[in-house]
Amino acid sequence: MIGLISATTAGAAARDRLAAAWPDRTRVYEGPVAQAVRSAFAECERLVCFLATGAVVRLVAPLLGDKRTDPGVVCVDEGGRFAVSLVGGHTGGANDLARAVGEVLGAEPVVTTATDAVGLPGLDTLGLPVEGDVAGVSRALLDGEPVALRAEVGWPLPPLPVAEDGADGSYAIRLTDRLVEPAEREVVLRPPSLVVGVGASKGAPVDEVLGLVEEALRDAGLTAASVAELATVDAKAEEPGIVGAAERLGVPLVAYPAGELAGVEVPNPSDAPLAAVGTPSVAEAAALLRGGDLLVPKRKSSARPAMATCAVVRRPGRGRLAVVGLGPGARDLVTPRAQAELRRASVLVGLDQYVDQIRDLLRPGTRILESGLGAEEERARTAVAEARRGHAVALIGSGDAGVYAMASPALAEASDDIDVVGVPGVTAALAAGAILGAPLGHDHVSISLSDLHTPWEVIERRVRAAAEADIVVTFYNPRSRGRDWQLPKALAVLAEHREPTTPVGVVRNASRADESSRLTTLAALDPATVDMMTVVTVGNTATREIAGRMVTPRGYRWQGTPGESA
């Protein structure tokens, strides 16, 4: 919950706007300000104070205890111009809250955390349990001192300016699920790489189940901080001892049908669980079902009779491939989600000219793999291979990556051994349409006129089908130096079904600094004025030019009365 505190009418107005935007996430604290701050500090995960910064500092200073548990505090000035992350920038979530408040109120977020200021991910913001000298190692990263990354477990991390493969460094980041203490000048990150399979007799005490799990981990030299989940058979999904153990470990409980578990080959099958729940193994099979290495074979609790079993498996970190659409070229049309994925990726793969467009958005330490035109399939293979090595990868393309871009070859190459995320972008057809007016107001189709990958006979058949169906057509890749006859041929096909006066929109370099656009007609368009940087949109029989704009009505009944809704 986010506590909201204000003292003046102007502050209350901004406070109420935020409360209206986040009704389920906020609570307004009324009354004397000092008491309101004390109450909110004790009861909420984060606070937004619509007060002077100095006043908030004095009010919260006596309340501060531990940065790991204190709520994040954001201060918004009376004019609503700035949202200042004051306390708990990382752990308390104040940095993200300041940005979110800024979006709602139109305020400028002010974040002074050193790592955020230079674009480095904070070691305590990676979503992994962290131990050791966080401040010292973070300072070393900021100062450019040698920091070694010692990854004992493969896991997709965001970009960090470190030396990999255990190279020497005065400071170190150790990624491990082993039960180790951080050394001097070292940070230990705990990836959620361990799955504990558990079985239990009816009525097994939670202390017996939990004690067995903790003992098994400890004896194997593994840390409970890296346990991702407990796994069992669905017949035991509500067994109190297992449910309670998962709750006390703070991890989810995952249950599988006995039939699935019965198909898992295990080293220690038994007739007892087969008779009881329909599978010869519960603990080992549940841990191994999604793959991994068996680190701890089935073991029983020490109680007599033993009522619990467990097994521990290490699952390899799954690589992550984000296929990112960058939009048509303008920076403000690169979506926030796309920018977040670019900051998250430790490896960027893309066409060299697209990499240049967003190079400044990348975090320090991002490894860039760029290539030239014509290497699309090679880039797709490279991106998938890097993800299979356990990296967080961003594969970029212009417009929407799924429209004549990199998503298709990448997903054709990828299998289910990596996680794939699609990030939509503004397509060239949409960018051009917005410039022209509303040419895509009804059914429309995009057709690429490049016959490098598609035979012309197929392209012409599709153009003819769109012409006969009276669908608005947007032509991608309309004309190049080596392909100068396809556009005239396509226009001729359309002309068999549409009037010479049919509106045609021509947009070159949509949204870029040298953008140009014009409206013409099917008969008047000169194909020689079109190139590969151009998008050509041909209207249907209902498309009109109105006040210099290209408009296709939402219905085929043209609106004769201005303002009438379709």
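Residues numbered from 1 in each chain as written. Predicted model: local features only at pLDDT ≥ 70, side-chain atom pairs only at ≥ 80, totals over all residues. Heavy atoms only, no water.

Novice: Where do I start with the sheet that holds strand E20 (residues 419-423) in this structure?
Specialist: The strands that make up a sheet pair up through hydrogen bonds in the backbone, lying either parallel or antiparallel. Taken in spatial order, the five strands make up an open sheet running E18-E17-E19-E16-E20, and their pairing is parallel. Looking at which strands have only one partner, the edges of the open sheet turn out to be strand E18 (367-371) and E20. Sheet twist, expressed as the average angle between the axes of neighbouring strands with direction ignored, equals 15°. The pairing of strand E16 (residues 320-325) with strand E19 (residues 392-397) spans six bridges and is parallel. Across the sheet, Leu 321 pairs through a bridge with Val 393, a residue of E19. Against the sheet, helix H12 (residues 336-344) contacts E16, strand E17 (347-351), E19 and E20, and its axis sits at roughly 140° relative to E16. (Pairing = 2+ DSSP bridges. Helix = DSSP H or I, 4+ residues; strand = E, 2+ residues; numbered from the N terminus. Axes fitted to C-alpha atoms, helices over the stretch in contact; angles between N-to-C directions. Contact = heavy atoms within 4.5 Å.)

Novice: Teacher, can you tell me more about the sheet that holds strand E27 (residues 544-546) here?
Specialist: With mixed pairing, the three strands of this open sheet are ordered in space as E21-E28-E27. Strands at the two margins of the open sheet, each flanked by one partner only, are strand E21 (437-438) and E27. Pairing geometry for E21 and strand E28 (residues 549-551), over two bridges, is parallel. Across the sheet, Gly 437 pairs through a bridge with Met 550, a residue of E28.

Novice: Help me out: how do you make sense of the pairing of strand E3 (residues 46-50) in this one?
Specialist: Summarising burial for E3: four of the five residues are buried, a large majority. Across four bridges, E3 lies against strand E4 (residues 72-76) in parallel orientation. What sits directly across from Cys 49, in E4, is Cys 75. Where the polypeptide runs from E3 across helix H3 (residues 53-60) and back to E4, its parallel neighbour, the crossover connection is right-handed. (Buried < 20%, exposed > 50% of the residue type's maximum accessible area, 1.4 Å probe, protein only. Right-handed = clockwise from strand over helix to strand, strands pointing away.)

Novice: What is the right way to look at the packing of aromatic side chains in this model?
Specialist: Two measures describe an aromatic ring pair: the distance that separates the ring centres and the angle between the ring planes. Under the criterion given, the structure shown has two aromatic pairs. Here Tyr 404 and Tyr 476 contribute two aromatic rings whose centre-to-centre distance is 4.8 Å and whose plane-to-plane angle is 55°, an arrangement assigned as tilted. Linking Tyr 404 in the loop between E19 and helix H15 (407-413) with Tyr 476 in strand E23 (residues 472-476), this pair joins segments that are 72 residues apart in sequence. Owing to a relative accessible area of 44%, Tyr 404 belongs among the partly exposed residues under this scheme. Taken together, a centroid distance of 5.1 Å and an interplanar angle of 70° make the contact between Trp 456 and Trp 485 edge-to-face. One end of the pair, Trp 456, is in helix H17 (residues 456-468); the other, Trp 485, is in the loop between E23 and helix H18 (486-495), and 29 residues separate them in sequence. (Phe/Tyr/Trp six-rings, centres within 6.5 Å; stacked < 30°, edge-to-face > 60°.)

Novice: Looking at this model, I keep getting lost on the packing of H17 against H18. Mind explaining?
Specialist: Axes are the key here: two packed helices are described by the angle between their axes and the distance separating the axes. Between H17 and H18, the least distance of the axes is 9 Å, while the angle of their chain directions is 30°. By the criterion of interaxial angle, the relationship of H17 to H18 is roughly parallel. Crossing of H17 over H18 shows right-handed handedness. Within the contact between the two elements, H17 uses Trp 456, Glu 460, Val 463, Arg 464 and Ala 467 and H18 uses Gln 486, Lys 489, Ala 490, Val 493 and Leu 494. Its residues placed into classes, the contact of H17 with H18 shows six nonpolar, one polar and three charged. (Parallel < 35°, antiparallel > 145°, perpendicular 65-115°, else oblique. Left-handed = near helix turned anticlockwise from the far one by under 90°. Nonpolar A, V, L, I, M, F, W, Y, C, P; charged D, E, K, R; others polar.)

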